[in-house]
Amino acid sequence: MTIKARNQRLVRLRRLEKLREIGHRQAMLAAGQAESTLAQLQHLAERTGTLADSYAARTDADDGAALAHLGAFRAGLERIARSTAGEIDTARRIADARAAEVAAAERRRAAVADRIAAEAQALARVRAQAGTPLGAARNREDPASETIPMPHSRDWHGS
């Protein structure tokens, strides 16, 4: 692959990484909202349970109508508590699903980041190979970097 093609691929991967980051943020936002809803429902269930318990302990009904009214009110509170418990289960499933979406989005983002790192390394290698001269390199500012000539070895034709 040419340097230009690798540069273009790296640019595309960086764009994809930005998209994955946006997706990750959106998933985190949705998970936060789901957790907030779950917490609100749990608080509502707690408050409803406290109210139902306090009305169940009451014995101050003066007549049958007051007692019937108190019983109906307690029954209404218990229906609300059961309904809220069902909503809590649903909210918990949604929150768990959103958390799984966050984890998946993070894995996708990390995979693109890994691909970017690998592509950047490959591009650096290609650039280094393209820029390396065929002979030995010499640093003009550092005389110690000069290559030491080796004596000619005797090859097969005796020279």
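### Details of the overall build of the chain
Consideration 1: Counting its regular elements, the chain contains two helices and zero strands.
Consideration 2: The burial tally for the chain puts 17% of its 159 residues in the buried class.
Consideration 3: The long-range fraction of contacts in the chain, counting pairs at least 24 apart against all pairs at least 6 apart in sequence, stands at 82%.
Consideration 4: Per element, the accessible surface of the chain, about 12000 Å² overall, is 55% carbon and sulfur.

### Concerning the pattern of salt bridges
Consideration 1: Applying the stated criterion to the full structure yields eight salt bridges.
Consideration 2: Residues Arg 6 and Glu 119 are paired through a salt bridge, measuring 3.1 Å at the closest nitrogen-oxygen approach. On the criterion of sequence distance, the pair formed by Arg 6 in helix H1 (residues 3-56) and Glu 119 in helix H2 (residues 64-131) is long-range, its members being 113 residues apart.
Consideration 3: Under the relative-accessibility criterion, Glu 119 is labelled buried at 7%.

### Here's the deal with the packing of H1 against H2
Consideration 1: Contact pair H1 / H2: the axes reach a minimum separation of 6 Å and the direction vectors enclose 165°. Taken together, the axes of H1 and H2 are roughly antiparallel relative to one another. Crossing of H1 over H2 shows left-handed handedness.

### Looking at the environment of Arg 98
Consideration 1: Here Arg 98 shows up in helix H2.
Consideration 2: On the basis of relative accessible area, Arg 98 is assigned to the partly exposed category, the value being 28%.
Consideration 3: Each C-alpha atom of the pair Arg 98 and Ala 34 lies 7.3 Å from the other, and the pair is 64 residues apart in sequence.

### Observations regarding the packing of aromatic side chains
Consideration 1: Within the structure shown, the criterion is met by one aromatic pair.
Consideration 2: Judged by centre distance (4.7 Å) and plane angle (65°), the rings of Tyr 55 and Phe 73 are edge-to-face. Of the two residues, Tyr 55 sits in helix H1 while Phe 73 sits in helix H2, which places them 18 residues apart along the sequence.
Consideration 3: With relative accessibility at 22%, the residue Tyr 55 sits in the partly exposed group.
Consideration 4: Here Phe 73 falls in the partly exposed class, since its relative accessible area comes to 37%.

### Topic: H1
Helical periodicity: at 3.6 residues per turn, an α-helix aligns residues three or four positions apart in one direction.
Consideration 1: End to end, H1 covers 78 Å across 54 residues, agreeing with the expected 80 Å (1.5 Å per residue, within 8%).
Consideration 2: When H1 is considered as a whole, its buried residues turn out to be Arg 6, Leu 10, Leu 13, His 24, Ala 27, Ala 31, Ala 34, Leu 38, Leu 41, Thr 48 and Ala 52.
Consideration 3: Turning to H1, the residues buried within the fold contact H2.

### Focus: the nonpolar core
Consideration 1: With six residues, the main nonpolar core is built from Ala 34, Leu 38, Leu 41, Ile 88, Ala 91 and Ala 95.
Consideration 2: Secondary structure elements with two or more residues in this core: H1 and H2.
Consideration 3: Contact partners of Leu 38, with chain neighbours within four places excluded, come to Ile 88, Ala 91, Arg 92 and Ala 95.
Consideration 4: If you look at the next biggest cluster of nonpolar residues, it comprises five residues, including Leu 10, Leu 13, Val 112 and Leu 123.

### Some thoughts on the side chain of Thr 84
Consideration 1: Along the chain, Thr 84 falls in helix H2.
Consideration 2: Residue classification places Thr 84 among the buried residues on the basis of a relative accessible area of 3%.
Consideration 3: The contacts of Thr 84, once residues within four sequence positions are left out, are Leu 41, Leu 44 and Ala 45.

### Brief notes about the environment of Thr 90
Consideration 1: Looking at the element boundaries, Thr 90 is found in helix H2.
Consideration 2: Residue Thr 90 is classed as partly exposed on the basis of its relative accessible area of 35%.
Consideration 3: For Thr 90 and Leu 38, which are 52 residues apart along the polypeptide, the C-alpha to C-alpha distance reads 8.8 Å.

The rules behind the values
- Residues numbered from 1 in each chain as written.
- Predicted model: local features only at pLDDT ≥ 70, side-chain atom pairs only at ≥ 80, totals over all residues.
- Heavy atoms only, no water.
- Helix = DSSP H or I, 4+ residues; strand = E, 2+ residues; numbered from the N terminus.
- Buried < 20%, exposed > 50% of the residue type's maximum accessible area, 1.4 Å probe, protein only.
- Contact = heavy atoms within 4.5 Å.
- Areas by Shrake-Rupley, 256 points an atom, 1.4 Å probe, with all protein chains shown as cover.
- Salt bridge = Lys/Arg side-chain N within 4 Å of Asp/Glu carboxyl O.
- Axes fitted to C-alpha atoms, helices over the stretch in contact; angles between N-to-C directions.
- Parallel < 35°, antiparallel > 145°, perpendicular 65-115°, else oblique.
- Left-handed = near helix turned anticlockwise from the far one by under 90°.
- Phe/Tyr/Trp six-rings, centres within 6.5 Å; stacked < 30°, edge-to-face > 60°.
- Expected span 1.5 Å × (residues − 1).
- Core = buried A, V, L, I, M, F, W, Y, C linked by side-chain atoms within 4.5 Å.

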